[in-house]
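Letter by letter, the chains look like this.
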Amino acid sequence: MLWRSSLMKNNFIISAAHCSPVFLDADKTTSKVIEIIEKAKNQKSKLIVFPESFIPGFPIWNAIDKPINNHDFFKKFVQHSIRIDGPQIKKISEAAKKFSIIVSIGFSESVPQSVGCLFNSNIIINELGEIINHHRKIVPTFFEKLTWSNGDSHGLKVVNTSIGKLGALICGENTNPLARYSMIAEGEQIHISTYPPIWPTHTPNANDKYDLAAAIKIRAGAHSFEGKVFNIVAASILDLNTKKILANEIEGAEYILANSPKGISMIVGPDGMPIIETNSEKDEILSQEIDLDKCIIAKQFHDLSGYYNRFDIFEFKVNRFRTSPIEIKNK
């Protein structure tokens, strides 16, 4: 049995930032991101994942007030949404390189083609400070359509990193079996799932309101079990500052925010079972050592990107492209 001890170890620590942004302040949130990156590195983490739209926060007002009342919030949100080539992303990339850690972060992305067009985006930055994937949420969910445009498939892919193959989907995209399968089919080993702090769908007294934490657990467990991957889930939290900003502008906001189902951050193993989780209302870096070798035996049972499929029966195609409002052809 000496051959067993000679196998290369695939153990390392990964982390989820179960934290709040500095709501509607891109620069201050960026400074907080860099502080969290350093703390994760001090925990010997190789990967730190930030929640959906962490910069500059999640547009919760769309769910709890009438659209005709939310113009000022939208304007503020646009002003603090950031560019892929802007100073905030540059600083985060420099921090990833300085602390030699892979960073995944969600942000509201503005673009030069329009002063009012935004995308719900996620990037993965490697430990050299290089952006290795830039994904825009394919379809904003429910009230998110009031803020973000449809994304595209340019970033719908798995990327090779020093710790394995990483894929990332944003919130409700983890409900889409085709989007998830596209990750599995490319040999994903670590899946990144990002979520908001709460996701109100009904009034707090409704019997059928959406249970965000339960939905996250179902989706994260299903993807891990089907793909035999580790799944790192990062949800943000509502701090007092965020609650105050919303309550000052929206009648009844305090009650809705206090009584809406909250998100959960977790790390799930390739058997679909949570290894560690938190629903704390205080900032926390959730860290866990994982071993990618645990995916191997799990693949013996169900390997959807290998032998446990029939590619002669099923065909799957992804049209990968980046959308643009104009194409210039010079003769």
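Right above here is the structure, for reference.
Notes on the structure follow. (Residues numbered from 1 in each chain as written. Predicted model: local features only at pLDDT ≥ 70, side-chain atom pairs only at ≥ 80, totals over all residues. Heavy atoms only, no water.)

Our next topic: the overall build of the protein. Across its full length, the protein holds 10 helices and 12 strands. What you see for the protein is a C-alpha radius of gyration of 20 Å, in line with the 20 Å of a compact globule of 331 residues. The contacts of the protein with a sequence gap of at least 6 include a subset with a gap of at least 24, amounting to 71%. For the protein, the separation between the mean place of its 38 positive charges and that of its 36 negative charges on side chains is 3 Å. (Helix = DSSP H or I, 4+ residues; strand = E, 2+ residues; numbered from the N terminus. Rg over C-alpha atoms; globule rule 2.2 N^0.38 Å. Contact = heavy atoms within 4.5 Å. Lys, Arg positive; Asp, Glu negative; His and termini not counted. Charge placed at Lys NZ, Arg CZ, Asp CG, Glu CD.)

Another aspect to go through is the layout of surface pockets. Here the second largest pocket is characterised by a volume of approximately 220 Å³. Of all the elements in the fold, those that place two or more residues in the lining of the second largest pocket are α4 (71-80) and α8 (240-249). With three residues, the top contributor of residues to the lining of the second largest pocket is α4. Split into classes, the residues belonging to the lining of the second largest pocket amount to four nonpolar, two polar and four charged. (1 Å grid on protein atoms, 1.4 Å probe; cavity = no way out; pocket = protein on both sides within 12 Å on 5 of 7 lines; lining within 4 Å. Points joined across faces, edges and corners; volume = space filled by probe spheres on them. Nonpolar A, V, L, I, M, F, W, Y, C, P; charged D, E, K, R; others polar.)

Turning next to the sheet that holds strand β2 (residues 45-49). Pairing is mixed in the open sheet, where six strands are placed in the order β5-β4-β3-β2-β1-β12. Of all strands in the sheet, those with a lone pairing partner are β5 (131-136) and β12 (284-291), marking the two edges. Between one strand axis and the next, the sheet turns by 25° as a mean value, whatever way the strands run. In this structure, strand β3 (residues 102-111) lies alongside strand β4 (residues 114-125), joined through nine bridges in antiparallel fashion. By the bridge assignment, V103 is partnered in β4 with I125. Across the sheet, α4 lies against β3 and β4, angled at about 50° from β4, the strand it touches most. (Pairing = 2+ DSSP bridges. Axes fitted to C-alpha atoms, helices over the stretch in contact; angles between N-to-C directions.)

The next point concerns empty space enclosed by the protein. Inspection of the entire model under this criterion finds two cavities of 30 Å³ or more. Estimated volume of the largest cavity: approximately 80 Å³. Forming the walls of the largest cavity are H18, P197, I198, S236, I237, L238, K243, K262, G263, N279, S280 and E281. Residues belonging to the lining of the largest cavity are distributed by class as follows: four nonpolar, five polar and three charged. Of the volumes computed, that of the second largest cavity is approximately 70 Å³. Taken together, 13 residues make up the lining of the second largest cavity; nearest its centre are P21, G57, F58, P197 and S236.

This part takes up the sheet that holds strand β10 (residues 265-268). Spatially, β6-β7-β8-β9-β10-β11 is the arrangement adopted by the six strands of the open sheet, whose pairing is mixed. A strand with exactly one partner marks an edge of an open sheet, and here the two such strands are β6 (159-161) and β11 (274-278). Each strand of the sheet is rotated relative to its neighbour by a mean of 20°, with strand direction disregarded. Here helix α6 (residues 177-185) sits on the sheet in contact with β7 (164-170) and β8 (190-195), set at roughly 170° to β7. Contacting β8, β9 (230-235), β10 and β11, helix α7 (residues 212-227) crosses the sheet at an angle of about 160° to β9.

Our focus in this paragraph is the packing of helix α2 (residues 26-42) against helix α5 (residues 87-98). Contact geometry for α2 and α5: axes closest at 10 Å, N-to-C directions at 10°. The angle between α2 and α5 falls in the class roughly parallel. Within the contact between the two elements, α2 uses A26, D27, T30, V33, I34 and I37 and α5 uses Q88, K91, I92 and A95. When the residues that make up the contact of α2 with α5 are grouped by side-chain class, the tally is six nonpolar, two polar and two charged. (Parallel < 35°, antiparallel > 145°, perpendicular 65-115°, else oblique.)

For β4 and β5, the ladder comprises five bridges, and the chain directions are antiparallel. For I124, the partnering residue across the bridge sits in β5 and is N133. Linkage of β4 to β5, two consecutive antiparallel strands, is achieved through a turn of five residues, within which G129 is found at a positive phi near 85°.

For the rest of this paragraph, the subject is α7. Each α-helix winds once per 3.6 residues, and so residues spaced three or four apart point in a common direction. An ideal rise of 1.5 Å per residue puts 22 Å on 16 residues; α7 measures up with 22 Å between its terminal C-alpha atoms. Turning to α7, its buried residues are L212, A213, A215, I216, R219, A220, G221, H223, S224 and G227. Next to the buried residues of α7 lie α6, β8, β9, β10 and α10 (294-301). Directly after α7, the chain includes K228, whose backbone phi takes a positive value near 55°. (Expected span 1.5 Å × (residues − 1). Buried < 20%, exposed > 50% of the residue type's maximum accessible area, 1.4 Å probe, protein only.)

For the bond from I55 to P56, the omega torsion is 0°, close enough to zero to count as cis. Structurally, P56 is set in the loop between β2 and α3 (61-64). Despite not being glycine, L24 shows a phi value in the positive range, around 60°. Its place among the elements puts L24 in the loop between β1 (11-18) and α2.

From the geometry alone we can't say anything about function, so treat these as descriptive.
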